[in-house]
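The lines below spell out each chain.
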Amino acid sequence: RKEMAQVCAACHSATFAGNYLSMADKQIELYNKYAHAASEMINTLEKKHLVMEDPWADPAFRTYYYMWHHEGRRMRQGAAMEGPDYSHWHGVFQLQQSLRILKVIYNQRMKTGKIDINQIGGVGMGE
């Protein structure tokens, strides 16, 4: 972090760099809240054996993976690399949509105790 602040200081004031890094921290903290909620759902489904044997065929797991690897990465790295628009539209916005999908899948599986892959496609289908 100290090295990052030094790079920023080549063009910006220390106050600007500090404020920017603080905003990035807050965006990462927000991501962590979403990720925690998603992880709890997946962990619960796994404990109840409500995740398919092949996780890559499972819409819940695939949605969870995209939340971490694609949308979460965009949210975190966009914030850290001075891309707020990218962080929002390709990160936060998409991540929130995936979290909604995961909640629907989770709620249905918890209610029925069954895996119904026809219920919802999840994300990561040909992206």
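The sections below set out a description of the structure shown in this document. (Residues numbered from 1 in each chain as written. Predicted model: local features only at pLDDT ≥ 70, side-chain atom pairs only at ≥ 80, totals over all residues. Heavy atoms only, no water.)

### A word on the packing of helix H2 (residues 14-47) against helix H3 (residues 59-80)
Look at H2 against H3: their axes get within 9 Å of each other, and the N-to-C directions meet at 175°. On the basis of the axis angle, H2 is roughly antiparallel to H3. For the pair H2 and H3, contact is made by Tyr20, Ala24, Gln27, Ile28, Leu30, Tyr31, Tyr34, Ala38, Ser39, Ile42 and Leu45 and by Ala60, Phe61, Tyr64, Met67, Trp68, Gly72, Met75, Arg76, Gly78, Ala79 and Ala80, respectively. Grouping the amino acids of the contact of H2 with H3 by side-chain chemistry returns 17 nonpolar, four polar and one charged. (Axes fitted to C-alpha atoms, helices over the stretch in contact; angles between N-to-C directions. Helix = DSSP H or I, 4+ residues; strand = E, 2+ residues; numbered from the N terminus. Parallel < 35°, antiparallel > 145°, perpendicular 65-115°, else oblique. Contact = heavy atoms within 4.5 Å. Nonpolar A, V, L, I, M, F, W, Y, C, P; charged D, E, K, R; others polar.)

### Things to note about the environment of Met81
Along the chain, Met81 turns up in the loop between H3 and helix H4 (84-112). Sequence separation of Met81 and Ala24 is 57 residues, and the distance between their C-alpha atoms is 8.5 Å.

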